[in-house]
Amino acid sequence: MRAHAPVRSSTSQLPDNRQETQSQRLFIKTYGCQMNVYDSDRMSDALAPKGYETTAAPDTADLVILNTCHIREKAAEKVYSELGRLRVLKEARLKEGRPLTIGVAGCVAQAEGEEMLARAPVVDFVVGPQAYHRLPQLVERAHDGERPVETEFPAEDKFEHLPQADRKITLGRGPAAFLTIQEGCDKFCTFCVVPYTRGAEVSRPLTQLLAEARALVDAGVREITLLGQNVNAWHGDDGTGGTSSLGRLLFALAEIDGLERLRYTTSHPRDMHEDLFAAHRDLDKVMPYLHLPVQAGSDRVLKAMNRQHTAQEYFELIDRLREARPDIALSGDFIVGFPGETDADFDDTMELVRRVEYAQAYSFKYSQRPGTPAATHDEQVPEDVKTERLARLQALLNEQARAFNAAAVGRTMPVLLDRVGKREGQLAGRSPYLQAVHLDAPAHLRGQIVPVTIEAAHANSLSGRLAETTGVADTGEMKGDAA
Ligand code: SAM
Ligand code: SF4
């Protein structure tokens, strides 16, 4: 979850025609994945021209938006209990004569729609992910006493209507940025709500993406992570009447001077195309890290999940990736206790993990999502079995992650210093393999890629020191990069 850093205030016309800086405060609480983090930034960009300045303190806000996630259990309950807390704040603020407007966005908003207004009278508007460009009007309508609900999938392209953040705001968000290139999903895995909440797969056109990437880089961004529910299914209009592919998009982005690092997430094994392997093989700017969820190791379970590939096909992809980029670090998602999963099926998942050796991974207990086919399956796995399997799987994944991090000790690698560290005098950033790295470094290096010698590996991070080199590191990435 993340609250947003302050942005600018704006000038508005007062009744006596004096110009005075008048800002309203916006607090966005972001739940869930990186796509929601990107969406929250775009929502604050949409509201900035209306005078909204983001704040990290909900108590001081005039407008609170909950940007929700529906992927796993209790998502809606969490939102309703947050709304309960906000009701108290709203009542207190009303007494002070400073009204508070409350909106709910994201996938819970999309799923609940009108029902949300009935269940939570505190809510002033509800907006689904496809309608964020309409936020300024929705807020206005809420101020006029309406309680609008906007969960249709509008005909117009929201990205064409969402303003780009100005340079100062982009810079304030740091040197590593997200860029959503694709939304929605047509795959219909039997456990997943995404195709229902985010709708059908849509790819943004190539020219739009290159323009957004250039604007980010002009503002000082050095690393872009391309986002999509099925990012490698991206097949945007290539500007010549045809469609492009993620591999070709990476080649086009790699041409942008000043853009040093490219990542993408989340990928589906079915969409690992030829030019994507080529991008990993040929482009130093494509980081040696891939999140490629497999969910399970048993073909029977994969079939019941409608994943449309076998464990063997997944192994073949991993082999090809390692051939293209031998040092590639792999990450995955796993679900344990999918309906009908037996001990033998679960053993297949453990075996797959042992064989692949992940650098890090996410693992979840299966959770019944209303409206999805697996939710009504009559062989639901008991909770205690799921708990026990998850503990075993996580013990193995943690052991692999620890080994991966430990292998970094003694190496010198390029780190993009994207934030201040926890301690005074510390900066933190990411290795090419997406490991968090912290070190003592002067503040002016923030935003730069510097060689760091790794001295220690911790549970979820590395620590090190600035290397006494002139930019020579043990991946190709530092070529020409000043330390
Ligand atoms: N599109 C990606 C893919 O195909 O792997 C995943 C996107 S999904 C937003 C993120 C992860 O949430 C999934 O990979 C899956 O592991 C997990 N997930 C989704 N639905 C789930 C459910 N009903 N129960 C448990 N985990 C779930
Ligand atoms: Fe959900 Fe990913 Fe499957 Fe699409 S491919 S239904 S987003 S898990």
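Up top you'll find the structure we're talking about.
Residues numbered from 1 in each chain as written. Chains lettered and ligands numbered in written order. Predicted model: local features only at pLDDT ≥ 70, side-chain atom pairs only at ≥ 80, totals over all residues. Heavy atoms only, no water.

1. Let's talk about the pairing of strand E18 (residues 426-430)
For E18, a buried count of 4 out of 5 residues is recorded, marking the element as mostly surrounded by other parts of the structure. Here 4 bridges tie strand E17 (residues 412-420) to E18, and the two strands are oriented antiparallel to one another. Its bridge partner being in E18, valine 420 is matched across the sheet by leucine 427. Turn length for the E17-E18 hairpin, with the two strands adjacent in sequence and antiparallel, is 5 residues, and the turn residue glycine 425 shows positive phi of about 85 degrees. Sheet analysis places E18 next to strand E19 (residues 436-440), joined by 5 bridges and oriented antiparallel. (Buried < 20%, exposed > 50% of the residue type's maximum accessible area, 1.4 Å probe, protein only. Helix = DSSP H or I, 4+ residues; strand = E, 2+ residues; numbered from the N terminus. Pairing = 2+ DSSP bridges.)

2. A word on the site of ligand 1
In the vicinity of ligand 1, 16 residues are found, and the nearest of them are Phe191, Gln229, Gln295, Asp333 and Ser367. In the environment of ligand 1, a nitrogen atom lies 2.7 Å from a nitrogen or oxygen atom belonging to the backbone of glutamine 229. Contacts to ligand 1 include glutamine 295, whose side-chain N or O atom sits 2.7 Å from an oxygen atom. Taken by itself ligand 1 offers 560 Å² of open surface, and the protein chains cover 90% of this. For the shell around ligand 1, the secondary-structure elements that each account for two or more residues are strand E15 (329-336) and strand E16 (360-365). Grouping the amino acids of the shell around ligand 1 by side-chain chemistry returns 6 nonpolar, 5 polar and 5 charged. (Near = heavy atom within 4 Å. Polar contact = N/O pair within 3.5 Å; in protein donor to acceptor, adjacent residues only side chain to side chain. Areas by Shrake-Rupley, 256 points an atom, 1.4 Å probe, with all protein chains shown as cover. Nonpolar A, V, L, I, M, F, W, Y, C, P; charged D, E, K, R; others polar.)

3. A look at the side chain of threonine 151
Looking at the secondary structure, you find threonine 151 in the loop between strand E8 (149-150) and helix H6 (158-161). For threonine 151, the contacting residues outside a window of four places in its chain are Ala109, Gln110, Gly113, Val126 and Gly128. (Contact = heavy atoms within 4.5 Å.)

4. Brief notes about the packing of helix H14 (residues 343-356) against helix H15 (residues 383-406)
Helix-helix packing is characterised by the crossing angle of the two axes and by the distance between the axes. As a packed pair, H14 and H15 sit with axes 10 Å apart at the nearest point and diverge in direction by 10 degrees. With respect to H15, the axis of H14 lies roughly parallel. Residue-level contacts link Asp343, Phe346, Asp347, Thr349, Met350, Val353 and Arg354 of H14 to Arg389, Arg392, Leu393, Leu396, Leu397 and Gln400 of H15. The residue inventory of the contact of H14 with H15, partitioned by class, reads 6 nonpolar, 2 polar and 5 charged. (Axes fitted to C-alpha atoms, helices over the stretch in contact; angles between N-to-C directions. Parallel < 35°, antiparallel > 145°, perpendicular 65-115°, else oblique.)

5. Some points on the sheet that holds strand E12 (residues 223-227)
Taken in spatial order, the 3 strands of this open sheet run E9-E12-E13, and their pairing is parallel. Taken across any chain shown, the strands that pair with only one partner, and hence form the sheet edges, are strand E9 (176-180) and strand E13 (261-265). With strand direction ignored, the average angle separating the axes of adjacent strands in the sheet is 25 degrees. Strand direction decides the pairing type here: E9 and E12, joined by 5 bridges, are parallel. Of the residues in E12, the one forming a bridge with alanine 176 is glutamate 223. Sheet strands in contact with helix H9 (residues 206-218) are E9 and E12, and its direction is about 165 degrees off that of E9.

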